[in-house]
Amino acid sequence: MSDQGRRRRTLFTVWLAAAATIALAACGGVPTSGNVTAGDVVSDDAELDIGFAPQGPRVNSTQEEIMQEFLLAAIDPQNDYAVARDFLADDFASVWNPDALTTIRTGVGTQRRVSDTELNYSLTTSASVSSDGHYQESSAETVSLPFTFVREGDQWRISSAPEGIVLSEDSFSVVFGEYSLYYFDPTYQYLVPDVRWFPNRSGTSVRVVGALLAGQSSWLSNGVLISAFPTGTQLGDGFVDITSGVATVDLSEEVGGANSLERERMRQQLSASLSNVTSVVMTVGGLPVTTPETGAIPAVVNPTVEPAPLVLRENQFGYASNDDVTPIGQISGKVVELGATAVALARNRSEAAVRNGVGVYAVRSGATDPLLVDPRAGLAAPSIDNAGFIWSVPVADGSAIRAYELDGTEHIVASAVPVSDARVVSLAVSRDGARLLLYLDTAIGPRLYVAGIVRQDGVPSSLGELFALPVVAESPLAATWVDNRTVATLSSNDDETLIRSFEIGGPSALLGRIEGGVSIVGGNGGADGLRVLTTDGDVFRPRGTSWQRTGISAEMLGTQQ
């Protein structure tokens, strides 16, 4: 059976179960286990296939039936939720805003009568999507939504209800799609995703471009990421047309004054954000905006690394393949001589940040000796960014983050990292150099944050707003970047260690369990590129829903920038 057929059959089965109960059961959803995968691509050509056609109100339906069937009809966003609006009173139908908030429920909701013309719908929720497409996971909570009813003619209709819609976990991934809006890092070398969620319906590309022009999320603003579009740029009257893979995007007159390089960067943002198109044509007032060749190197969207794991083993340091370790130029010998306990290798493979019992060193190829840049005691494993700055912090003081140049010049990185009774478990800069991952152990449980890096003239100066990810209350062991929009943690619970992924702006997932895990590093290919080192010195990799030995042994796993 095709994927489309399976989805239709699953949807119909869940819908039948929903219709059989007084509570809503809406259909498909947010994954809570398994690998993190890319979301749907933008397309205005296909209508949402939900496997059945929601019907409007039936004659002489009760208030309970009207509410139940209205919630069910909200699964279909086509024609601006036209079927769902049929259940609303005339004056309310025109003002109800289904896009204001999407509440994702767990389990089955219940109805309770409040008065002759009022019902409450109670549900448990642990996630929601805001009007601008921001997905947020949270602790489970019970909410109660009030609905009031009025007679129109001799039929009941909903006269007031909370704005937005309610979807079951299972329905969410069918009704909504994941869309990455792309913005530049300050060097314009990388395009960095800002993940949003929008209903899969005709015209989604208009919403994607509109959101892109509106700007990045607050935690990625203030210089963390940059848009090439001039301030005030909006969609023009021609909006967005996608035909045969070519996207024509009509923009306001601000774009007309941009130079060739700026126009090329705008085109790159649009092309990356409208991920299924083969080319992008920009217009102003319906007239094409030329984008001459500038010779500029296109920005990198998702940087990759050497697929072989980076290991320290038996006085050898380098890329491991079964019994062999391939050294890295003049770096490997220096790492071994330092007695490294943690290594972060720069993208150019000629620089590294190395921790040993003394502190953190800058290690470079050539005749230059390793330089002790951070002699503070009790340091966490360091990180090195793509600009050559070494990031270091004491385990006992998350507020004392420093960025060191390779010559030892120290820069204080201001932040709002909570420091009360907090222990730094992991610190890691993303491969695009725009964001910092922090995994903390606090008196009230673990905390997992991603923060934008603010730089002054290229030098790290502060962290932006902390973006919290919904980490589970387990003992934290390590954290790493999986790819450009996902991080992973290693944590312990009783006698086992657990691997979890957290999409930045999306759902979390349990990726499996392993015995004796001590460290985790990312690679290529999303979660498939993860590697976990155990106390026995074995390196594991994911295979389906389990983790298997790679045949590689190591004393330490290094991080590749």
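Quick look at the structure, then. As the structure is a prediction and not an experimental result, all values here were calculated from the model.

1. Quick notes on the packing of aromatic side chains
Within this structure, the stated rule accounts for ten aromatic pairs. Both rings, one in phenylalanine 70 and one in tryptophan 96, keep their centres 5.3 Å apart while their planes meet at 65°; by these two values the pair is edge-to-face. Separated by 26 residues along the polypeptide, phenylalanine 70 in helix α2 (residues 63-73) and tryptophan 96 in the loop between α4 (90-93) and β1 (101-115) bring together distant segments of the chain. In this structure, phenylalanine 70 and tryptophan 96 share a single accessibility class: buried. A centroid spacing of 6.0 Å and a plane angle of 25° characterise the contact between tyrosine 179 and phenylalanine 198, whose relative ring orientation is stacked. Note that tyrosine 179 is positioned in strand β6 (residues 176-184) and phenylalanine 198 in strand β7 (residues 191-199), a separation of 19 residues in sequence. Using a relative accessible area of 3% as the deciding quantity, one classes tyrosine 179 as buried. Through pairs of rings, three or more aromatic residues link up here, namely Phe70, Tyr81, Trp96 and Phe147. A cation sits over an aromatic face here: arginine 265 above tyrosine 188, 3.6 Å from the ring centre.

2. Focus on the side chain of serine 426
Structurally, serine 426 can be placed in strand β23 (residues 423-429). Ignoring any residue separated from it by four or fewer positions in sequence, one finds serine 426 in contact with Leu437, Leu438, Tyr439, Ala478 and Ala479.

3. Looking at the pattern of salt bridges
Following the criterion strictly, the structure yields 18 salt bridges and no others. Among the ionic pairs, arginine 113 bridges to glutamate 64, the shortest N-O distance being 2.9 Å. With arginine 113 in strand β1 and glutamate 64 in helix α2, this pair connects stretches of sequence that are 49 residues apart. Accessibility expressed as a relative area gives 36% for arginine 113, which makes it partly exposed. Taken together, the shared-partner salt bridges in this structure form one network comprising Asp99, Arg201 and Arg207.

4. Some points on the pairing of strand β29 (residues 496-503)
Within β29, seven of the eight residues are buried, leaving the element largely enclosed by the surrounding structure. Bridge analysis of strand β28 (residues 486-493) against β29 gives eight bridges, and the strand direction is antiparallel. Paired with serine 492 across the bridge in β29 is threonine 497. Where β29 folds back onto strand β30 (residues 508-514) in an antiparallel hairpin, the turn is made up of four residues, including glycine 505, whose phi is positive at roughly 95°.

5. With respect to the nonpolar core
Grouped burial of nonpolar side chains is what soluble globular proteins tend to show. In this structure, Val249, Leu270, Leu448, Leu469, Val487 and Ile504 are the most contacted members of the largest nonpolar core, which totals 51 residues. Beyond its immediate sequence surroundings of up to four residues, valine 487 is in contact with Leu437, Leu448, Leu469, Thr480, Trp481, Val482, Arg500, Ser501, Phe502 and Ile504. Membership of the second largest hydrophobic core comes to 37 residues, among which are Phe92, Trp156, Ala161 and Val195.

6. Description of the environment of glycine 506
Looking at where glycine 506 falls in the secondary structure, it is placed in the loop between β29 and β30. Given the relative accessible area of 8%, glycine 506 is considered buried. The spatial distance from the C-alpha of glycine 506 to the C-alpha of arginine 485 is 9.0 Å, given a sequence separation of 21 residues. Those residues in contact with glycine 506, other than ones at most four positions away along the chain, are Tyr135, Glu137 and Trp197.

7. Overview of unusual backbone geometry
One non-glycine residue, asparagine 222, lies in positive phi territory at about 55°. Mapped onto the fold, asparagine 222 is located in the loop between α6 (204-214) and β8 (235-243). Here the phi dihedral of arginine 349 falls at roughly 60°; this positive angle occurs in a residue that is not glycine. Within the fold, arginine 349 resides in the loop between β15 (342-345) and β16 (351-355). By relative accessible area, arginine 349 is classed as partly exposed at 38%.

8. Here's the deal with the sheet that holds strand β21 (residues 402-404)
Overall, antiparallel pairing links the four strands, which are arranged β19-β20-β21-β22 in an open sheet. For this open sheet the edge positions go to β19 (383-384) and β22 (410-412), each flanked by a neighbour on one side alone. As judged from the three bridges shared by strand β20 (residues 390-392) and β21, these two strands associate in the antiparallel manner. Residue pairing across strands places isoleucine 390 opposite tyrosine 404, the latter belonging to β21.

9. Topic: the layout of surface pockets
By volume, the largest pocket is sized at about 590 Å³. Lining of the largest pocket is provided by 31 residues; of these, Ala342, Ala381, Ser426, Ala478 and Ser519 occupy positions nearest its centre. Contributions of two or more residues to the lining of the largest pocket are made by β15, β23, β27 (475-483), β31 (517-521) and β35 (556-560). With six residues, the single largest contributor to the lining of the largest pocket is β23. Looking at the lining of the largest pocket, its residues break down into 21 nonpolar, seven polar and three charged.

10. Side note on empty space enclosed by the protein
If you walk through the whole model with that rule in mind, you get five cavities of 30 Å³ or more. Its boundaries defined by the atoms lining it, the largest cavity holds a volume of some 100 Å³. Taken together, Ala428, Val429, Arg431, Thr480, Trp481, Val521, Gly522, Thr559, Gln560 and Gln561 form the lining of the largest cavity. When residues of the lining of the largest cavity are traced back to their parent elements, those giving at least two are β23, β27 and β35. In terms of residue class, the lining of the largest cavity is built from four nonpolar, five polar and one charged.

Calculation notes
- Residues numbered from 1 in each chain as written.
- Predicted model: local features only at pLDDT ≥ 70, side-chain atom pairs only at ≥ 80, totals over all residues.
- Heavy atoms only, no water.
- Phe/Tyr/Trp six-rings, centres within 6.5 Å; stacked < 30°, edge-to-face > 60°.
- Helix = DSSP H or I, 4+ residues; strand = E, 2+ residues; numbered from the N terminus.
- Buried < 20%, exposed > 50% of the residue type's maximum accessible area, 1.4 Å probe, protein only.
- Lys NZ or Arg CZ within 6 Å of the ring centre and 35° of its normal.
- Contact = heavy atoms within 4.5 Å.
- Salt bridge = Lys/Arg side-chain N within 4 Å of Asp/Glu carboxyl O.
- Pairing = 2+ DSSP bridges.
- Core = buried A, V, L, I, M, F, W, Y, C linked by side-chain atoms within 4.5 Å.
- 1 Å grid on protein atoms, 1.4 Å probe; cavity = no way out; pocket = protein on both sides within 12 Å on 5 of 7 lines; lining within 4 Å.
- Points joined across faces, edges and corners; volume = space filled by probe spheres on them.
- Nonpolar A, V, L, I, M, F, W, Y, C, P; charged D, E, K, R; others polar.

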